[in-house]
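Coordinate analysis (summary)
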Amino acid sequence: MNFDLAEEQKMLAEQARGLLGKQSSPDRLRELIDAGAEWDEPLWASLSELGFPGARIPEEYGGLGLGDLDLGVISEEVGRAVAAVPFYASIVCAADAIQRFGSDEQKEAWLPRLACGEVVGTLAHAEGRQGWWPKSSSVSCRAGKLSGVKTPVGDAGIASLAVVYCAYEGKPALALVELDGETVERRKLDGFDQLRAHYALTFKDTPASLLEASVGDEDGLRTLTDRMSVQASFEAVGGAEACVYMARDYAMDRQIFGRSLASYQAIKHKLADILVATEFARSNAFFAGWASDNAPAELAVAAAAVRLSAINAYEQAARENLQVHGGIGYTFEADCHFHYRRERTLAITLGPRQYWADRLVTHVPGKQMETA
Amino acid sequence: MDFNDTPEEAEFRAEVKAWLAKHAPGHELPPGATLDDADEVARGKAWQRELYDGGYAGILLSKSLGGRGGTIVEAVVFDEEEKKYNLPKGPYIGIGLGMALPVIGKHGTDEQIKKFVEPTLKGELTWCQLFSEPAAGSDLAAVRTRAVKEGDAYVVNGQKVWSSWAHHSDWGILVVRTDPKAVKHKGLTFFVVDMKSPGIEIRPIRQISGASDFNETFLSDVRIPEGDRIGAEGEGWACCMTVLMGERLNQGEEGRIEALMQYAADTPMEGATALDDPAVRLSLATAYAEERAAKYFQARLRTMVSRGENPGALAAMMKLTYASRLQQTSGLAMEIRGMDALAPHEDVIPTRQLWHDYIWSTALRIAGGADEVLRNQISERVLGMPGEMRADKGVPFDELK
Ligand SMILES: Cc1cc2nc3c(=O)[nH]c(=O)nc-3n(C[C@H](O)[C@H](O)[C@H](O)COP(=O)(O)OP(=O)(O)OC[C@H]3O[C@@H](n4cnc5c(N)ncnc54)[C@H](O)[C@@H]3O)c2cc1C
C-alpha cells in the first residue's frame, strides 16, 4: 500500500504554499478588504505564470494534464491562505464543466484561455432561495438565448465567462455565456465572505451556447458537483489546518495565571480533537481525489464522505481558533476572521449536508441494490 | 410551583404595559437600522431619562440609593415588557447601571453615591469599563496599570484594552495596581475616572464585524483625585467581584429559535419548506428544547435570588450555553437558507441578523467570562473539584515572571 502523495505532488504543494505564503499574507488580505477589491489580480497572474490554473486541463488545451489529486493539493493551499483568487470558480467549476461536457470547439475556444488564467470563468448554479442546484431550473435556454436570474454567483464580477445551469426543453443543461455583453446585468451583492465577491446575474435573451453533452445528463451533472465537492473539501482541509496551527502558536505565546495557555488541558484537548478531525478529513480527501481520477464508481460516496468530514473539521477549527485567541481574535488585525467567514462559504456553497448524507447513503455499496 | 404572575405582579405588569405603550413608541428605532455611534448614545440617554421620569430606572437599586427598590421579579417583568419595543439600550447605559452603580453603591462613600447615582440613573452620565489589559483578560488580577499616590491624587500610567464605548463615555470604572509587592489580587485598587482627564487617549479598535465600538485606552500620568477612589487601597479585587457578579446576573435569555423556525419555513426545499426536512426539524427542535430549558433554569435562578440566595457559579451555565447556542444556531440557519444566506439578492433583515449573530457570538463566547473559564468555575465551585495548578499563587506581583 502507498497511500501518500507522490513526490511531485508534494513538490507542487510546496511550490503553491511558498507562493501563496509570500504573496497572500494576512496583511495582503486586509489590504484587499480595505480596498474593496474583487480579487488579488497580481496573485492570479503569479499563479498563472506557474501554470496552476491549468494543472488539471489536458495538455492539448494548454494545461499540465495533471489529475484531481494534484489539483487537490493546490486547492488545499488556496484554502490555507484564504487566497482571493477565482481558482474554485474558474478552474474547479467552469473549466471542469467545459472539459466534461463541451464540444471540441468549445474546449478549443475556452480551455486554453482558462488554463493560462487570461480568462476567468464561473459556474452559475444557485437560484436564490430555491437552492444551490434546483431540480428544475427557472433559467431557460431557448434557441441559443438564455433568460432568467442566477444568484448568488461567486467571482462573477471578474469572470467574463459563465457556465450556467439552466433548463433546455425541460431538461437540465449547462450553457456557456459571455458576461461582458449588454444582455447580462451583473449586480454585486453584499456578501458574508469579504474575500470572495458574489453577484446576482440577470440574463435577458443572452446569447448562449449549450454544452450539448450535459443536456439531460443528471448523473453527469451530479458527478460534476461531486468533483467540485472534492476540491472544496481540500480547500476546507487547508483552512482547518491553518486554524489549528494559528491557535497552537497563539496559545504557546500567551501567559494566563502564570502559565502558558498551551499548557492547559482544555486547550490541548480542544486543538487535539480538531487536528484529528482535520487529518481524518484530509484522509477522506486523499481517497476522494484518487477515486475521482481512478475509480469513478466510488466517487459519489467518497465525495459525500469528504464533504461531510471537511465541513465539520473546518467549522470547528474556524470557531475554536478565534475562541483560543480571546479578545484579540475578535479584531480585524488578527487573522482568525478570514477563516471564520470563508468557512461558511465552503460549508454552504455546495448545498446542505442533507444532500450529501443522502448521496452517501444511497451509494454505499449494498444500499444501491436495496433502493433500486 | 407557579408560573403565573401573582396579583401584585399582574398589577405591576399592567402598569408597566400602560406606561410603555405611552412612552416607548416615540423612542423606538426603525427595524434593521444602523445608527452612528453618537446618535445611538444620544437616543439611549433620552430613553434612560424617560425611564427615570417614569420611576423605572434602576428597578433593583435600593430606595436609599435613589432606585426603585423593586424585586427581581419586577425587574424581569419590566424587562420582558420593555423588550417588546425596539429601544436603544447599549452598553454605554448598561455598564453604568449594571456595573458602576452596584460597585459605587456597595463600596463608595455617601459623597460618591450622591455625585454619581442620580445622574447615571437619569442617563446624564455614561460609563465604560476599564478592566482588561493586553496581558490581563481572563486573568484579570494580572493588571499592570500602575497608580502611585502623590499628595491628594493618584498618578496612573498604563494601558487598558477592549474598552467598549469608551469613546462615548463620560466616566470609567478602573482597576489598577497600587502595591506591586503584594500578591496579585491584593495589590489592586478601584477608581472612577473622568474620561476627559488629561492623559487619557482612546484609540478605536476595528472589530471583525467592521464596527469599532471597543477601544484601546492609554493612561499617561493621569491624575485621579483621592476622592474618586472607590473603597480602600487594596480593595480593588473585591470591587471587581461586585462588578462581575452584576454582569452575570444581568444576562437574560431571549427566545430566538422560533424566529429561526420561521426562517426555515420561509425557505423552499424539495417542493415543501426547509422546516419540513427531518434533519432541520431535529436540529431546530434540539435548540428549542435547550432554549426552553435555559429559560426555566433562569426562572429557578431568579427564584433563588428573590429568596436572598446566591446562585454563584450556577449563573455561569446561562452564559456558557447562550453564547454557544447563538453561534451554533445562527451558523445552522445560514446553512438552512443555503447560498442565498451568503449573499442575499434582496435585503433580507433576518439574514442580516444571522450574520450579526454569527459574528457576535464569537465575542460573547469570550467577553465577560470565556467558555473555558466558566467551565472551570462550574466544575470548581459547583462540583467542588480542585483548581488548576497555579504558578502565581502566593507570589508577590513584582516577582512573577
Ligand atoms: C466585544 C468585547 C467587549 C469587551 N468589552 C470590555 C470592556 O468594556 N471592558 C473591559 O475591561 N473588557 C472588555 N472586554 C474584554 C473581555 O473581558 C476579555 O476579552 C475577556 O476577559 C477574555 O480575556 P482575553 O481577551 O485577554 O482572553 P484570554 O484571557 O487571553 O483568553 C484566551 C483564551 O484562553 C482561554 N482560557 C483562559 N483561561 C483558561 C484556563 N484556565 N484554561 C483553559 N483555557 C483558558 C479563554 O477561555 C480563551 O479562549 C471585551 C471583550 C470583547 C470581546
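**A word on the pattern of salt bridges**
- Overall, the coordinates contain 68 salt bridges over all chains when judged by the stated rule.
- With a closest N to O distance of 3.4 Å, Lys17(B) and Glu81(B) form a salt bridge. With Lys17(B) in helix α1 (residues 7-23) and Glu81(B) in helix α3 (residues 72-82), the pair connects residues that are 64 residues apart, well separated along the chain.
- What makes Lys17(B) partly exposed here is its relative accessible area of 41%.
- Judged by relative accessible area, which is 3%, Glu81(B) ranks as buried.
- Its salt-bridge partner being Glu201(B), residue Arg203(B) comes within 3.0 Å of it at the nearest N-O pair.
- Taken together, the shared-partner salt bridges connect Glu76(A), Glu77(A), Arg80(A), Glu241(A), Glu279(A) and Arg282(A) into one network.

**A short note on the interface of chain B and chain A**
- The interface is formed by 56 residues belonging to chain B together with 49 residues belonging to chain A.
- Counting each side, the surface lost to burial between chain B and chain A is near 4600 Å², with a carbon and sulfur contribution of 57%.
- The three residues of chain B that bury the most area against chain A are Ile208(B), Glu335(B) and Met339(B), which together make up 17% of that side's buried surface.
- Run the count over chain B and chain A and you get nine salt bridges.
- When the shortest N-O distance is used, the salt bridge between Arg259(A) and Glu388(B) registers 3.5 Å.
- For the pair chain B and chain A, the number of links is 24 residue pairs in polar contact (both at pLDDT 80 or more).
- Going through the elements one at a time, β9 (268-269), α8 (278-306), α9 (314-337), α10 (349-364) and α11 (371-382) of chain B are the ones with two or more residues in the side of chain B that touches chain A.
- With eight residues, the single largest contributor to the side of chain B that touches chain A is α10(B).
- Class assignment for the residues of the side of chain B that touches chain A results in 27 nonpolar, twelve polar and 17 charged.

**With respect to the site of the ligand**
- Close to the ligand lie 29 residues, the nearest being Gln323(A), Gly327(A), Ser138(B), Trp162(B) and Glu372(B).
- With respect to the ligand, its neighbouring residues span chains A and B.
- The side chain of Ser132(B) places a nitrogen or oxygen atom 2.8 Å from a nitrogen atom of the ligand.
- Asn376(B) is positioned with one of its side-chain polar atoms (N or O) 3.4 Å from a nitrogen atom of the ligand.
- Coverage of the ligand by the protein amounts to 94% of the 980 Å² it exposes when considered alone.
- Secondary structure elements with two or more residues in the shell around the ligand: α8 (265-294) and α9 (299-325) of chain A together with α10 and α11 of chain B.
- No other element matches α11(B), which puts three residues into the shell around the ligand.
- Of the residues belonging to the shell around the ligand, the class tally is 16 nonpolar, eleven polar and two charged.

**So, the environment of Thr6(B)**
Residues and elements named next belong to chain B.
- Structurally, Thr6 is set in the segment before α1.
- Given the relative accessible area of 30%, Thr6 is considered partly exposed.
- In this structure, the C-alpha to C-alpha distance between Thr6 and Leu282, residues 276 residues apart in sequence, is 36 Å.

**Examining the domain arrangement of chain A**
All names here are of chain A.
- Each assigned domain of chain A is listed with its residue range as follows: domain 1 (7-115), domain 2 (121-214) and domain 3 (218-363).
- If you average the C-alpha positions of domain 1 and of domain 3, the two centres end up 20 Å apart.
- Facing 26 residues of domain 1, the contacting portion of domain 3 comprises 33 residues.
- Of all residues in domain 1, Arg30, Asp68 and Tyr88 bury the most surface against domain 3, accounting for 26% of the area lost on that side.
- Put simply, domain 1 and domain 3 have six salt bridges between them.
- Where Arg282 meets Glu76, a salt bridge forms, and the shortest distance between an N and an O atom there is 2.6 Å.
- Those elements that provide at least two residues to the side of domain 1 that touches domain 3 are α2 (26-34), α4 (68-81) and α5 (87-101).

**Let's talk about the pairing of strand β4 (residues 171-177) of chain B**
All names here are of chain B.
- Burial of β4 is extensive: seven of the seven residues sit out of reach of the surface.
- Going residue by residue along β4, you find Trp171, Ile173, Val175 and Arg177 tucked away on one face and Gly172, Leu174 and Val176 tucked away on the opposite face as well.
- Bridge analysis of strand β1 (residues 127-130) against β4 gives four bridges, and the strand direction is parallel. Bridged to Cys128 within β4 is Gly172.
- Bridge count between β4 and strand β5 (residues 188-194): seven bridges; the pairing is antiparallel. By the bridge assignment, Trp171 is partnered in β5 with Asp194.

Conventions we followed
- Residues numbered from 1 in each chain as written.
- Chains lettered and ligands numbered in written order.
- Predicted model: local features only at pLDDT ≥ 70, side-chain atom pairs only at ≥ 80, totals over all residues.
- Heavy atoms only, no water.
- Salt bridge = Lys/Arg side-chain N within 4 Å of Asp/Glu carboxyl O.
- Helix = DSSP H or I, 4+ residues; strand = E, 2+ residues; numbered from the N terminus.
- Buried < 20%, exposed > 50% of the residue type's maximum accessible area, 1.4 Å probe, protein only.
- Contact = heavy atoms within 4.5 Å.
- Buried area = accessible area lost by both parts, 1.4 Å probe.
- Polar contact = N/O pair within 3.5 Å; in protein donor to acceptor, adjacent residues only side chain to side chain.
- Nonpolar A, V, L, I, M, F, W, Y, C, P; charged D, E, K, R; others polar.
- Near = heavy atom within 4 Å.
- Areas by Shrake-Rupley, 256 points an atom, 1.4 Å probe, with all protein chains shown as cover.
- Domains from an automatic or database assignment.
- Pairing = 2+ DSSP bridges.

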